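Topology and contacts: notes
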Amino acid sequence: MNSIQDNLKKIDEKIRAVTQKQNQDNLSIPKLVAVSKRQPDNKVEQSILAGHRVFGENRVQEAKQRWQARKIERPDLELHLIGPLQTNKVPDAVMLFDYIEVVDRMKLAKSLAAEMLRQGRYLKCFVQVNTGEEPQKSGVLPGNTDEFVRFCREDCGLNIVGLMCIPPVDEEPAMHFALLREMAKRNNLSELSMGMSSDFEIAITFGATSVRVGSAIFGAREQH
Ligand SMILES: *Cc1c(COP(=O)(O)O)cnc(C)c1O
């Protein structure tokens, strides 16, 4: 077993263990989104050979280089966009990805809706919430989330399946996960994308339905 395969197996086991400890009936196992951004291609290939199919990327152009041809060869690959999306990249993003996890402003929501209609590809979307209200971070503010979710669904017709957040690096993530869960619940959203390498187990105890794990699978990223 190579190290990538081994890492995937260990994380998978942790995900199952934490989920089972929740002690609730019919809790489904959270989805593992393997974050392949800035990772060498051979490691990503190893994870595919190990049977992994769900990946996250934060840049449209990089993702296109890595995944466009692969997706044609392997239609069962599932790609999540987890980094900021500029409207000029929306056509490529809609063509390549299966999930857009970063819907966070009206202009983007409108642009996505129009492009999905044009391509006839209706992707599942998450609204990204800036739970820590950090000025440098994307995402809607918690106070604007309910209205923004309504706008995306009713005015744009986007298929919003859940909420996504990236807690501040220097804070306990638990309160951010709890806040996201609360907001999802009152908006009747069933999916929660939260938790990364350092905190995915905590996120699962707060109801994460998908976790985004990069370095714990592939090791440290290449710098840009
Ligand atoms: C890079 C990234 C991750 C993965 O981070 P790790 O700490 O390597 O697991 C998860 N989510 C988002 C939004 C990211 O940009």
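Residues numbered from 1 in each chain as written. Predicted model: local features only at pLDDT ≥ 70, side-chain atom pairs only at ≥ 80, totals over all residues. Heavy atoms only, no water.

A separate point is the pairing of strand 4 (residues 99-103). Among the 5 residues that make up strand 4, 5 are buried, leaving the element largely enclosed by the rest of the structure. Pairing of strand 3 (residues 78-81) with strand 4 involves 2 bridges; the strand directions are parallel. Residue Leu81 lies in a different strand from strand 4, and its bridge partner there is Ile100. Handedness of the crossover joining strand 3 and strand 4 through helix 4 (residues 90-96): right-handed. Examined bridge by bridge, strand 4 and strand 5 (residues 124-128) share 3 bridges and lie parallel to one another. Each bridged residue has a counterpart across the sheet, and for Val103 the counterpart in strand 5 is Val127. (Buried < 20%, exposed > 50% of the residue type's maximum accessible area, 1.4 Å probe, protein only. Helix = DSSP H or I, 4+ residues; strand = E, 2+ residues; numbered from the N terminus. Pairing = 2+ DSSP bridges. Right-handed = clockwise from strand over helix to strand, strands pointing away.)

Counting across every chain of the model gives 3 aromatic pairs. Ring centres of Phe148 and Phe151 lie 6.4 Å apart, and the angle between their planes is 25°; on these two criteria the pair is classed as stacked. On the criterion of helical spacing, the pair formed by Phe148 and Phe151 is a turn pair, its members being 3 residues apart in helix 6 (residues 142-155). Taken individually, Phe148 and Phe151 each receive the classification buried, so the pair is uniform in this respect. In this arrangement the basic side chain of Arg70 is found over the ring face of Trp67, its NZ or CZ atom lying 5.6 Å from the centre. (Phe/Tyr/Trp six-rings, centres within 6.5 Å; stacked < 30°, edge-to-face > 60°. Lys NZ or Arg CZ within 6 Å of the ring centre and 35° of its normal.)

Overall, the predicted model of the chain reaches an average pLDDT of 96, with 98% of residues at or above 70. For the chain, per-element mean pLDDT is lowest for helix 1 (residues 3-21), which scores 96, and highest for strand 5, which scores 99. (pLDDT = per-residue confidence, 0-100.)

As a packed pair, helix 5 (residues 106-119) and helix 6 sit with axes 10 Å apart at the nearest point and diverge in direction by 20°. The pairing of helix 5 with helix 6 is recorded here as roughly parallel in orientation. Seen from above, helix 5 lies across helix 6 with right-handed handedness. Only Phe148, Phe151 and Cys152 of helix 6 make contact with helix 5, whose side of the interface consists of Met106, Ala109 and Lys110. (Axes fitted to C-alpha atoms, helices over the stretch in contact; angles between N-to-C directions. Parallel < 35°, antiparallel > 145°, perpendicular 65-115°, else oblique. Left-handed = near helix turned anticlockwise from the far one by under 90°. Contact = heavy atoms within 4.5 Å.)

Time to look at helix 6. For helix 6, with 14 residues, the first-to-last C-alpha span of 20 Å sits near the 20 Å given by 1.5 Å per residue. For helix 6, the set of buried residues is Pro142, Thr145, Phe148, Val149, Phe151 and Cys152. The inward-facing, buried residues of helix 6 contact strand 4, helix 5, strand 5, strand 6 (159-164) and helix 7 (174-186). Downstream of helix 6 by a residue or two, Gly157 has a phi angle that is positive, lying close to 75°. (Expected span 1.5 Å × (residues − 1).)

This part takes up unusual backbone geometry. Within the chain, Glu133 stands out as a residue other than glycine whose phi angle is a positive 50°. Tracing the backbone through its elements, the reader meets Glu133 in the loop between strand 5 and helix 6. With phi around 55°, Asn188 is a residue other than glycine that occupies positive phi space. The residue Asn188 is located in the loop between helix 7 and strand 7 (191-193) in this model.

Attention shifts here to the pattern of salt bridges. Considering all chains together, one arrives at 19 salt bridges under this definition. Note that Asp12 and Arg16 form a salt bridge whose closest N and O atoms lie 3.3 Å from each other. One end of the pair is Asp12 and the other is Arg16, both in helix 1 and 4 residues apart, which spans about a single turn. For the salt bridge of Asp92 with Lys64, the shortest nitrogen-to-oxygen distance reads 3.3 Å. With a gap of 28 residues between them, Asp92 in helix 4 and Lys64 in helix 3 (residues 60-73) connect regions that are remote in the sequence. Taken together, the salt bridges that share partners define one network made up of Asp41, Glu45, Glu57, Arg66 and Arg70. (Salt bridge = Lys/Arg side-chain N within 4 Å of Asp/Glu carboxyl O.)

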